[in-house]
Amino acid sequence: MPELDQRSPERSAVARLVKDPVSRRKFIAVGGGTGLAALLAACGGGGSSTTMVTNESKPMNEGMKSETEQFGKGDIGILNYALTLEYLETAFYEEVTKSGLFKGEELAVLKKFGSEEAQHVSALHSTVKKLGGTPAPKPKSEFPLESAKTVAELAGTVENLGAAAYLGQAANIQSPEVLASALAIHSVEARHAASFGTLVKKPITPDGAFAKPADMATVLAAVKPFLA
């Protein structure tokens with residue numbers, strides 16, 4: 001994630017990308033162009049009266065308190081919220097790879113996914129600091145590791161939850177650069193989830209053609225059992 005300009009814009013990054021072709025080109029250069037159309041459909045940023053806006057993904061209005069404000073103001077709060085989830089995912093893969101439940105190629109894939117989650121942690125942590133914020137602390141965690149099948153099912157659930165969490169905050173992000181980076185991580189989370197869906201013979205796209213966002217309350221309630 002590059003060092004970002006944190007001047008206070010009047011609208012969310014999604015809305016400004018729709019209106020401003022220059023911002024849109026910059027966004028695509030950072031790496032978010034392929035998901036823009038689907039993002040606008042999911043987050044209601046197209047400006048069309050036929051576009052649906054879910055409660056989980058309404059853009060923040062000026063003066064409105066953000067649901068992620070407990071993690072910090074504006075984009076810093078969203079980044080710290082994402083960082084907290086990435087801490088949990090990284091810890092999950094660390095425990096799984098040490099559990100002895102997986103061998104060979106499956107273990108190699110799990111290690112690769114864990115490494116990618118650790119890279120997410122590093123990127124989010126450094127970006128929060130560059131923006132002048134204090135990175136969220138790493139929570140203590142514990143996960144039920146009973147069998148390879150139940151772990152694979154749990155991994156798919158966790159990864160789908162992570163993808164939904166990023167999508168749930170997309171319309172609230174103010175910086176196009178942060179939005180592009182968040183979408184880049186969202187894409188990887190979704191691909192991890194699809195891999196586990198294939199492994200345990202569950203739908204690769206559980207929500208159909210359009211992924212469903214999840215608000216912070218839903219996500220934090222879902223991960224609460226894994227917090228020690």
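The structure we're discussing is the one just above.
**Some points on the overall build of the protein chain**
Part 1 of the reasoning: When helices and strands are tallied, the protein chain shows 8 helices and 0 strands.
Part 2 of the reasoning: Put simply, the protein chain runs from its N terminus to its C terminus through helices and strands in the order α-α-α-α-α-α-α-α.
Part 3 of the reasoning: When the 228 residues of the protein chain are sorted by exposure, 45% land in the buried category.
Part 4 of the reasoning: Taking the intrachain contacts of the protein chain between residues at least 6 apart in sequence as the baseline, contacts between residues at least 24 apart amount to 79%.
Part 5 of the reasoning: Only carbon and sulfur atoms are counted for the fraction: they give 56% of the accessible area of the protein chain, which is about 11,800 Å².

**Considerations on helix α5 (residues 104–130)**
Part 1 of the reasoning: End to end, α5 covers 39 Å across 27 residues, agreeing with the expected 39 Å (1.5 Å per residue, within 8%).
Part 2 of the reasoning: Where α5 is concerned, the buried positions are Leu-107, Leu-110, Phe-113, Gly-114, Glu-116, Glu-117, His-120, Val-121, Leu-124, Thr-127 and Val-128.
Part 3 of the reasoning: Turning to α5, the residues buried within the fold contact α4 (74–98), α6 (148–169) and α7 (176–199).
Part 4 of the reasoning: Once α5 finishes, Gly-132 follows within two positions and takes phi at roughly 90°, a positive value.

**Re the side chain of Gln-174**
Part 1 of the reasoning: Within the secondary structure, Gln-174 is located in the loop between α6 and α7.
Part 2 of the reasoning: By relative accessible area, Gln-174 is classed as buried at 15%.

**Here we look at the packing of aromatic side chains**
Part 1 of the reasoning: Scanning the entire structure with this criterion turns up 7 aromatic pairs.
Part 2 of the reasoning: Ring geometry for Phe-71 and Tyr-81: centres 5.8 Å apart, planes at 40°, overall tilted. On the criterion of sequence distance, the pair formed by Phe-71 in the loop between α3 (36–43) and α4 and Tyr-81 in helix α4 is long-range, its members being 10 residues apart.
Part 3 of the reasoning: For the ring pair Tyr-93 and Phe-113, a centre distance of 6.4 Å and an interplane angle of 85° mean the geometry is edge-to-face. Here Tyr-93, found in helix α4, pairs with Phe-113, found in helix α5; they are 20 residues apart in sequence, far enough to count as distant.
Part 4 of the reasoning: The exposure class of Phe-113 is buried, given its relative accessible area of 9%.
Part 5 of the reasoning: Connected via pairs of aromatic rings, a cluster forms that spans Phe-92, Tyr-93, Phe-113, Phe-143, Phe-196 and Phe-226.

**Some remarks on the nonpolar core**
Part 1 of the reasoning: The biggest cluster of nonpolar side chains holds 28 residues, and the ones touching the most others in it are Tyr-81, Phe-92, Phe-196 and Val-219.
Part 2 of the reasoning: With 8 residues, α6 is the largest single contributor of residues to this core.
Part 3 of the reasoning: Beyond its immediate stretch of four places on either side in the chain, Phe-196 contacts Tyr-93, Leu-110, Phe-113, Ala-152, Ala-155, Gly-156 and Glu-159.
Part 4 of the reasoning: With 19 residues, the next largest nonpolar core counts Ala-136, Ala-170, Leu-179 and Ile-185 among its residues.

**Here's the deal with the environment of Gln-70**
Part 1 of the reasoning: For Gln-70, the location among the structural elements is in the loop between α3 and α4.
Part 2 of the reasoning: The contacts of Gln-70, once residues within four sequence positions are left out, are Met-216 and Leu-220.

Each value, and the rule that gives it
- Residues numbered from 1 in each chain as written.
- Predicted model: local features only at pLDDT ≥ 70, side-chain atom pairs only at ≥ 80, totals over all residues.
- Heavy atoms only, no water.
- Helix = DSSP H or I, 4+ residues; strand = E, 2+ residues; numbered from the N terminus.
- Buried < 20%, exposed > 50% of the residue type's maximum accessible area, 1.4 Å probe, protein only.
- Contact = heavy atoms within 4.5 Å.
- Areas by Shrake-Rupley, 256 points an atom, 1.4 Å probe, with all protein chains shown as cover.
- Expected span 1.5 Å × (residues − 1).
- Phe/Tyr/Trp six-rings, centres within 6.5 Å; stacked < 30°, edge-to-face > 60°.
- Core = buried A, V, L, I, M, F, W, Y, C linked by side-chain atoms within 4.5 Å.

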